[in-house]
Amino acid sequence: MPEMPEVQGLVDFLRLKLIPPGAPPATIAQVEVLSFSVLKTADVPLDALSAEPLSGVERRGKFIVLTAGGVHLVMHLAKAGWLRWSDALKPGPLRPGKGPMALRVRFAAEGEEKPGGFDLTEAGTKKSLAVYVVKDPLDVPGIARLGPDALDVDYATFAEIVTSHRGQIKGLLRDQSAIAGIGNAYSDEILHAAHLSPFANAAKLDPDEVTRLFEAMHAVLEHAIASASGRPAAELKDSKRKAMQVHARTGEACPVCGDTIREVSFADSSLQYCPTCQTGGKLLADRRTSKFLK
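Everything numeric in this text was worked out from a predicted model, so none of it was measured.

(A) Up close: the sheet that holds strand E6 (residues 101–108). A sheet is described by the order of its strands in space; here four strands give the open sequence E1-E6-E7-E5, paired in antiparallel fashion. The open sheet has two free edges, formed respectively by strand E1 (27–33) and strand E5 (81–86), since each of these has just one partner strand. When the angles between neighbouring strand axes are averaged without regard to direction, this sheet yields 20°. Of the strand pairs in this sheet, E1 and E6 are connected by six bridges, and their pairing is antiparallel. Across the sheet, residue valine 31 finds its bridge partner in E6, namely valine 105. Where helix H1 (residues 4–18) meets the sheet, it contacts E5, E6 and strand E7 (117–122), and its direction lies at approximately 25° from that of E5.

Here is the structure:
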């Protein structure tokens, strides 16, 4: 799932393409919907996006927001969605089919005979990719529910969020209404960097542990964003995978201590951790309701 660093990388990439410094901004020429389930709104027509040139490309949590005048194209890539950019899309309408293609956005730019654009694709059969056309980003329920951005929240607010949460710290980090931008992969990485168990009770963390968590969150996300900055959209996924210390590295050696990275599997996801770095050598039981193997 694309998380804050990859979404920020996509936003930075699109901003350079669509609102280049010293040049006129591009205009949305056409939006083609290939999968009707992807478009979640109907109040604002798609052609309203073409009324004015783009005035903004920004990130809200894990949402991408393109602004043209008073209309916003909001995209959430969900678990298996991705954005694929092309400097010169082939002309002609697309044909709906059973493939991963969900939506295409074409742009018009001054002086370009073959303007570029991007496709939104989604792998797998579970379709969660979501696109909204709205007059206010807060009309999107997911944006309206967002908590403070992980890199904008100050320490005092962060500490209050953590110590008032009655659940496991892994779940809190992934809760977009509490802290926005972090998903499954980076929560694993942050907890590993903070030397905390993913099953630790958030409300029981002591001040030193909360401080370590806050510092690890900033260090991991800032490093990942710096790595994503300037990369083409096509390179962001591989860059993310290569940078992971524990996430998706079950059975490999921990790069910090050399212990074997372990996994806890759930119905539709999994987490990875290092026993030596995070749980005092104890193995977490592979069940959501258990704390440790006896």
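Moving on from the coordinates now.
(B) Structural view of the sheet that holds strand E8 (residues 130–134). Read across the open sheet, the four strands follow the order E2-E3-E4-E8; overall the sheet is antiparallel. Unpaired on one side and paired on the other, strand E2 (54–60) and E8 mark the two borders of the sheet. For this sheet, the mean angle separating the axes of adjacent strands, direction not counted, is 15°. As paired elements, E2 and strand E3 (residues 63–68) share six bridges and run antiparallel to each other. Note that in E3 the partner of glutamate 58 across the bridge is valine 65. Lying on the sheet, H1 is in contact with E2 and E3; it crosses E2 at an angle near 170°.

Reading the values: the criteria
Residues numbered from 1 in each chain as written. Predicted model: local features only at pLDDT ≥ 70, side-chain atom pairs only at ≥ 80, totals over all residues. Heavy atoms only, no water. Pairing = 2+ DSSP bridges. Helix = DSSP H or I, 4+ residues; strand = E, 2+ residues; numbered from the N terminus. Axes fitted to C-alpha atoms, helices over the stretch in contact; angles between N-to-C directions. Contact = heavy atoms within 4.5 Å.

Without other data, these values stay purely geometric and don't point to any function.
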